[in-house]
Every structure is written in C-alpha cells, then in structure tokens.
Amino acid sequence: MKILDSGGSALDAVEAGVMVIEADEKNTSVGIGGAPDRDGRVTLDACIMAPDGSCGSVCALEHIAHPISVARRVMEKTPHVILVGDGALEFALSQGFKKENLLTEESKKAWEEWKKTSKYEPVINVEMHDTIGMITIDKNGDIAGACTTSGLAYKMQGRVGDSPIIGAGMYVDNEVGGAAATGLGEAVIRAVGSFLVVELMRNGRSPQAACEEAVARVVKKYKDYKNIQVGFIAVNKDGETGGFSIHKGFSYAVFSNGKNEVKEGTYLIE
Ligand code: ASP
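Attention here is on the structure that accompanies the text. On a predicted model such as this, the values are computed, not experimentally measured, just so you know.

Observations regarding the overall build of the protein
Each helix and strand counted, the protein has 8 helices and 12 strands in total. Relative to the globule expectation of 18 Å for 270 residues, the C-alpha radius of gyration of the protein, 17 Å, shows essentially globular dimensions. Considered along the principal axes of its C-alpha atoms, the protein spans approximately 50 × 45 × 35 Å. Evaluated residue by residue, the protein yields a buried proportion of 53% over its 270 residues. Long-range pairs, those at least 24 residues apart, make up 59% of the contacts in the protein with a sequence separation of at least 6. Summing over all exposed atoms, the protein offers an accessible surface of approximately 12300 Å²; the carbon and sulfur share of this is 50%. Averaging the coordinates of the 29 positive side-chain charges in the protein and doing the same for the 37 negative ones gives two points 4 Å apart.

Some thoughts on the pairing of strand 1 (residues 44-49)
Counting buried positions along strand 1 yields 6 of 6 residues, so the element is predominantly enclosed. In strand 1, alternate side chains face the same way, and those of Leu44, Ala46 and Ile48 on one face and Asp45, Cys47 and Met49 on the other are all buried. Where strand 1 and strand 2 (residues 55-61) come together, 5 bridges link them in antiparallel fashion. Considered in strand 2, the bridge of leucine 44 is made with leucine 61. Connecting strand 1 to the next strand, strand 2, in antiparallel fashion are 5 residues, including glycine 53 with a positive phi near 95°. As defined by bridge partners, strand 1 adjoins strand 5 (residues 143-149) across 5 bridges and the pair is classed as antiparallel. Within strand 5, the position partnered with isoleucine 48 by the bridge is alanine 146.

Remarks on helix 5 (residues 105-115)
Residues three or four positions apart in an α-helix share a direction because the helix packs 3.6 residues into each turn. What helix 5 keeps buried is the set Ser107, Trp111 and Trp114. Here the buried residues of helix 5 occupy an arc of 55° about the axis, which is enough to place them on one side. Residues of helix 5 that are exposed and point more than 90 degrees away from the buried face comprise Glu105, Glu106 and Lys109.

Some thoughts on unusual backbone geometry
Most of the time, phi is negative for any residue but glycine, and the peptide bond is trans. At tyrosine 154, a position not held by glycine, the phi torsion is positive, near 60°. Along the chain, tyrosine 154 turns up in the loop between strand 5 and strand 6 (170-173). Of the residues examined, tyrosine 154 reaches a relative accessible area of 7% and is grouped as buried.

Some points on the sheet that holds strand 6
Pairing is mixed across the open sheet formed by 5 strands, whose spatial order is 6-7-8-9-12. Since the sheet does not close on itself, it has two edges, and those belong to strand 6 and strand 12 (266-269), each with one partner. When the angles between neighbouring strand axes are averaged without regard to direction, this sheet yields 15°. The pairing of strand 7 (residues 177-183) with strand 8 (residues 230-236) spans 7 bridges and is classified as antiparallel.

The rules behind the values
Residues numbered from 1 in each chain as written. Predicted model: local features only at pLDDT ≥ 70, side-chain atom pairs only at ≥ 80, totals over all residues. Heavy atoms only, no water. Helix = DSSP H or I, 4+ residues; strand = E, 2+ residues; numbered from the N terminus. Rg over C-alpha atoms; globule rule 2.2 N^0.38 Å. Buried < 20%, exposed > 50% of the residue type's maximum accessible area, 1.4 Å probe, protein only. Contact = heavy atoms within 4.5 Å. Areas by Shrake-Rupley, 256 points an atom, 1.4 Å probe, with all protein chains shown as cover. Lys, Arg positive; Asp, Glu negative; His and termini not counted. Charge placed at Lys NZ, Arg CZ, Asp CG, Glu CD. Pairing = 2+ DSSP bridges. Arc of directions from axis to C-beta. Axes fitted to C-alpha atoms, helices over the stretch in contact; angles between N-to-C directions.

Shown next as structure tokens:
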C-alpha cells in the first residue's frame, strides 16, 4: 500500500506485497520456512502478471527466498513465461539472486516427524498447504497479480500445483479485474480457476458471484471435494471484491482507502 499510495505501479506493489510473506520464516507454506517435499527439499512455485498481459513464472525453484522476483525477471528478461527446477535456479543465479538454505530448523523437525509415518494427507485448513495470492490496483486503475507458495507439504519431488500456472493460480485482465486461488492445486487446475473467475466477471458477474461459480465448477469436476479446500479471491476494475471457498476458514484481506480489513470468506460447506 505504501507503494500504491505514493503513486507506484500495481506491479511493483504486488511483488513487494507478497515478498513480505515469502520472507516470513514462521509461515510454513510460502518462501523461506515453507514445508519441504517428501525428500526434504523446499521447492517453490510463483507467478506474476502485469497489466499489459505479460507474465512470468517459476516452478519447483530451490534455494531462492523470493521466487516472485525471479518470476518477474523471467517475465521481463527472457523470451519465455515459465522456467522450472534447475533451469529456473540457474537463471536466478545469473540475475544475481543468492543461494540460501530455505529449510528452517522448525520445518526440518516437522518433516522428520512426518517421515515417521509418511502419511500423505493434506488436511483442510491445517497448515499442510497454503498460498499467498494478491491483486493490486494502482492510481491509474491498472491491475497486477502475484501468487507464491511452497505448495503441498511433503509432496512428490517435482510436483507443481496451480499457483505458478497462469490462469489457474492467478490471472489478471486489465479491462476486467484479477483473481487468485488457494487450496488443492490439482483441483484448481481442472477448472483453470482464476481465469474462469475473471471471465465470469467479464460476462457481468460480481467478483463474489464469480468466485462462487468457480468453486461450483471445481466441485463439479472433483468427486472428493468434501475432503479438500479450494478458495478464490477476486477484484474487478471498479475495486469491488469477493471471496468464496469450499469450506469454512478461508479469510482474505482487502486494503482500500487507507483501511485494511480481514474478511471471512463465505463458503459452500459448514
Ligand atoms: N494451491 C497450492 C498448491 O496446490 C496450495 C494452497 O494454496 O494451499 O500448491
């Protein structure tokens, strides 16, 4: 908000905004301190999208604390949209990013505990997975979006979720609005969730109604939906917002006119 208030761009603001969470070691589902995969490797996914439709993404990136900034470099400095794994890391290092250990003592301990049973079961709203998705609108009315996560805790090596997939984890159309997703990526991808929310807004739905319809679509395509969580946030060009999830417990923040408000999203199932 400091960037936006001082007339900065939606793109700069959205990158800086999610970097706060990426740097928070206590958060176990984004950036440093994020839960590792089942082999103990912290692999991060992130994507960013600018008002002109350009976008960048990194998947399964290791050792770099701010994957969102690498995603932005992919967008701005390469002819590509997505870089994965070793290629993404090599590119990041060539851009001056520093290699860091992202596995904190605490997340290492939790992983070692998990290994005792190796039971793979993402639990609804318990920190086995989470993401930060953010959409910003600047003083010119331009819209940008970002999404960054360590994905599902103890996932298979190489697993990539919805979060770095443009259209699934996040999508922006500067004429319409933007949306971002959280929850089980495997379910979000089936519905190309964030793109769907934006298209529904283009066709006249409010952000809230668009999020509700997108959750309905996810549910239709995922038999076991009662045992997973998926949630969407959306904002339209007029700054109206919405948020909806399958289960209770999905909250999101709206910062507007100098006021930061945490809202409890509405949901499908109690
Ligand atoms: N969507 C993320 C993923 O599937 C996880 C989450 O948001 O909870 O990697």
